[in-house]
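Take a look at the letters that make up each chain.
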Amino acid sequence: MIEITNITKHFGNVEVLKGVSATIGAAEVVAIVGASGAGKTTLLQIIGTLDRPDSGKVIYEGVDVMALRETELARFRNRNIGFVFQFHRLLPEFNCVENVALPALISGERQSSAYRRAEELLDYLGLAERRNHKPAQLSGGEKQRVAVARALINKPKVILADEPTGSLDSQNRIELQQLFMRLRDELHHTFIIVTHDEALSANADRVLHISDGRIIDC
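An account of the accompanying structure is given in this report. (Residues numbered from 1 in each chain as written. Predicted model: local features only at pLDDT ≥ 70, side-chain atom pairs only at ≥ 80, totals over all residues. Heavy atoms only, no water.)

In contact at an axis separation of 10 Å, helix α5 (residues 140-152) and helix α6 (residues 170-187) are set at 20 degrees when each is read in the N-to-C sense. Classified by the angle their axes make, α5 and α6 are roughly parallel. Crossing geometry of α5 relative to α6 is assigned as right-handed. In this structure, α5 uses Gly141, Gln144, Arg145, Val148 and Leu152 to contact α6, whose residues at the interface are Asn172, Leu176, Leu179, Phe180 and Leu183. Of the residues belonging to the contact of α5 with α6, the class tally is 6 nonpolar, 3 polar and 1 charged. (Axes fitted to C-alpha atoms, helices over the stretch in contact; angles between N-to-C directions. Helix = DSSP H or I, 4+ residues; strand = E, 2+ residues; numbered from the N terminus. Parallel < 35°, antiparallel > 145°, perpendicular 65-115°, else oblique. Left-handed = near helix turned anticlockwise from the far one by under 90°. Contact = heavy atoms within 4.5 Å. Nonpolar A, V, L, I, M, F, W, Y, C, P; charged D, E, K, R; others polar.)

Below, the structure is given as C-alpha cells:
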C-alpha cells in the first residue's frame, strides 16, 4: 500500500535519515521503534506528507505524493491520512463533535453530515455521552479517543500515530492499544505508530527498528 524508497533528510549539517526504505501493507499495524534522536518522528512526518525529504519517494498505492503540488498534497493528506499525536491537540473552545468534525469540514463536507459522522464515531468509541463536552471536561484517555475519532472522520486508509500512549496511564494505554487493533480488524485501517511503548510494539503486526537514521531490521 505504501512504498518508502531511499528517503534522506538533513537538518543543517546533521543527516537524520540515511536512505530509508520500507513497505507497508494494507490493514497492517506497523510500529517504528528506536532510541530518541534515531529519526522516527522525522520519518513519520515524511510518510504523513507533513515534511518533504531531501531525496527519495513516498508512494501511496501508485501515487508519488512528493511529486504533488502543495495544494494537491494538502488535499491528499486531508482525505487519505489521519493523525494521532502524543498530546491530543484538541481545540479547547470546541466540544467533542466539533473537534472530530473539523477535518471533514475542511474537506468541504456539509456541517450536518460532518456532525452526524462525528457523532457516529464518538458512539463507536464509547464517547456518545461526552459528545457535547469540551476537552477540559474529559479524562486523558477520553481526549485521546476523541483524537482517534478525529483521525477517522474522513475515512482515511492510513492512520499515523506519534507516541499515542506516551501521555496515558497504564490502563488507558492498554485500552488505546486494543482500540487500534479493533480498528484494524473491523474497519481495515493501516496503522504506522512511532512508539517507545514495548507492549504496543509487541502487539503490532511488524516492527521497524530504526537506528542512526537507518532501518536496521524489520
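On we go.
Glancing now at the sheet that holds strand β1 (residues 2-11). Pairing is antiparallel across the open sheet formed by 4 strands, whose spatial order is β2-β1-β4-β5. The sheet is open, and its two edges are formed by β2 (14-24) and β5 (63-64), each paired on a single side. Here β1 runs beside strand β4 (residues 55-60); their pairing, made up of 5 bridges, is antiparallel. Within β4, the residue paired with isoleucine 2 across the bridge is tyrosine 60. (Pairing = 2+ DSSP bridges.)

All right, on to the nonpolar core then. Counting residues in hydrophobic clusters, the biggest one holds 35 residues, and the most contacted among them are Val100, Leu122, Val146, Val148, Phe180, Phe191 and Ile193. Of all the secondary-structure elements, those providing two or more residues to this core are β3 (29-33), α3 (96-106), α4 (111-124), α5, β7 (158-162), α6 and β8 (190-194). Setting aside chain neighbours within four positions, we find valine 146 in contact with Leu90, Cys96, Val100, Leu122, Leu127 and Leu138. Ile46, Tyr60, Met66 and Ile192 belong to the second largest nonpolar core, which has 29 residues in total. (Core = buried A, V, L, I, M, F, W, Y, C linked by side-chain atoms within 4.5 Å. Buried < 20%, exposed > 50% of the residue type's maximum accessible area, 1.4 Å probe, protein only.)

This next bit is on α5. Counted at 1.5 Å a residue, the expected span for α5 with its 13 residues is 18 Å, and the 19 Å between its end C-alpha atoms agrees. A large share of α5 lies buried, amounting to 11 of its 13 residues. What α5 keeps buried is the set Gly141, Glu142, Lys143, Gln144, Val146, Ala147, Val148, Ala149, Arg150, Ala151 and Leu152. Packing partners of the buried residues in α5 comprise β6 (81-84), α3, α4, β7 and α6. (Expected span 1.5 Å × (residues − 1).)

Okay, the pattern of salt bridges next. Evaluation of the coordinates by the stated rule reveals 11 salt bridges. Note that arginine 69 is salt-bridged to glutamate 72, the shortest N-O span being 3.2 Å. With a relative accessible area of 26%, glutamate 72 lands in the partly exposed category. Notably, a salt bridge pairs aspartate 205 with arginine 184, separated by 2.7 Å at the nearest N-O pair. Here the residue aspartate 205 occupies a position in the loop between α7 (198-202) and β9 (206-211), and arginine 184 occupies one in helix α6, the gap between them amounting to 21 residues. The network of salt bridges with common partners includes Arg184, Asp185 and Asp205. (Salt bridge = Lys/Arg side-chain N within 4 Å of Asp/Glu carboxyl O.)

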